[in-house]
Amino acid sequence: MGTNIPIYRPNVAAIIRRPDNKILVGERSDRPGSWQFPQGGIKPRETPEQALERELFEEIGLPGESYRIIERKEPYRYLFDGGRTKEGFHGQEQIYFLIELLPGFEPKYQTSDPEFRALNWIVPSEFNIEWVPPFKREVYRQVLSLFFGVQTKNME
């Protein structure tokens, strides 16, 4: 008998906060109009903190010494839309890190393999839930509520 238990890919996501309390969102290169936090998979034998450092460097050029971790919350899970799988996974199980950007560092989207086409600093309450695909929205709602007390609304 086959079991239909979803397999989740371990993943880290970063909410980067500046001293003015604005947070970073990036517009995906492959999906114009879709904005999200930097995120990526945890490789075998990699700690979540190591994955966070690697992903931040790959996606937005921030080295490990450019930030400090404030808070970590987990797990957040979502399934990919339409029942599809990616690399054998049905969805992602994410660890969210709230990190503080240290003075003298600025993220950039021009990297060797650009994940983002633009970056923007926003107040958490400005996050529009419709920027993310429907299958990710519940996780974003939970994260914005737990980290910032923000209740997201649809901007119809």
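Structure: see above.
Now for a look at the structure at hand. (Residues numbered from 1 in each chain as written. Predicted model: local features only at pLDDT ≥ 70, side-chain atom pairs only at ≥ 80, totals over all residues. Heavy atoms only, no water.)

The next point concerns the overall build of the protein chain. Each helix and strand counted, the protein chain has two helices and seven strands in total. When the helices and strands of the protein chain are placed in sequence order, the string is β-β-β-β-α-β-β-β-α. Here the C-alpha atoms of the protein chain give a radius of gyration of 15 Å, agreeing with the 15 Å that 2.2 N^0.38 yields for 156 residues. Summarising its shape, the C-alpha atoms of the protein chain cover approximately 55 × 40 × 30 Å along the three principal directions. Residues counted as buried form 44% of the 156 residues belonging to the protein chain. Pairs at least 24 residues apart make up 70% of the contacts formed inside the protein chain by residues separated by at least 6 positions. Charge-centre separation for the protein chain: the mean point of 21 positive side chains lies 2 Å from the mean point of 23 negative side chains. (Helix = DSSP H or I, 4+ residues; strand = E, 2+ residues; numbered from the N terminus. Rg over C-alpha atoms; globule rule 2.2 N^0.38 Å. Buried < 20%, exposed > 50% of the residue type's maximum accessible area, 1.4 Å probe, protein only. Contact = heavy atoms within 4.5 Å. Lys, Arg positive; Asp, Glu negative; His and termini not counted. Charge placed at Lys NZ, Arg CZ, Asp CG, Glu CD.)

Relative to the 18 Å expected for 13 residues at 1.5 Å per residue, helix α1 (residues 48-60) spans 17 Å between its end C-alpha atoms, a close match to the ideal helical length. Considering only its buried residues, α1 is in contact with β1 (8-17), β2 (23-28), β4 (39-41), β5 (67-79), β6 (91-101) and β7 (116-122). Once α1 finishes, G61 follows within two positions and takes phi at roughly 65°, a positive value. (Expected span 1.5 Å × (residues − 1).)

This brings us to the nonpolar core. I15, F37, Y96, F127, Y140 and V143 are the most contacted members of the largest nonpolar core, which totals 23 residues. Considering every element that reaches this core, the biggest residue donor is helix α2 (residues 134-148), with six residues. Discounting residues that sit within four places of it in the chain, I15 has contacts with I23, F37, Y96, F97, L98, I99, V143, F147 and F148. Counting 17 residues, the second largest nonpolar core, distinct from the first, contains L24, L56, I95 and F116. (Core = buried A, V, L, I, M, F, W, Y, C linked by side-chain atoms within 4.5 Å.)

Our next topic: unusual backbone geometry. Each neighbour pair has its own omega, and for E74 with P75 the value is -20°, a cis peptide bond. If you trace the backbone, P75 turns up in strand β5. Phi at N21 takes a positive value of approximately 70°, unusual for a residue other than glycine. Inspection of the secondary structure assignment puts N21 in the loop between β1 and β2. A relative accessible area of 46% places N21 in the partly exposed class.

On any regular strand, side chains alternate: one points to one face of the sheet, the next to the other face. Judged by how many residues are buried, β2 sits mostly within the fold: six of six residues are covered. Residues of β2 alternate between two faces, with I23, V25 and E27 on one and L24, G26 and R28 on the opposite face, all of them buried. Pairing analysis gives six bridges linking β2 to β7, with the strands arranged antiparallel. Bridging across to β7, L24 finds its partner in W121. (Pairing = 2+ DSSP bridges.)

Note that E27 resides in strand β2. Take E27: its relative accessible area is 13%, and that puts it in the buried class. Within polar-contact distance, the side chain of E27 engages the backbone nitrogen of G33 at 2.7 Å. Leave out the neighbours within four places in its chain, and E27 touches P32, G33, S34, W35, E115, F116, R117 and A118. (Polar contact = N/O pair within 3.5 Å; in protein donor to acceptor, adjacent residues only side chain to side chain.)

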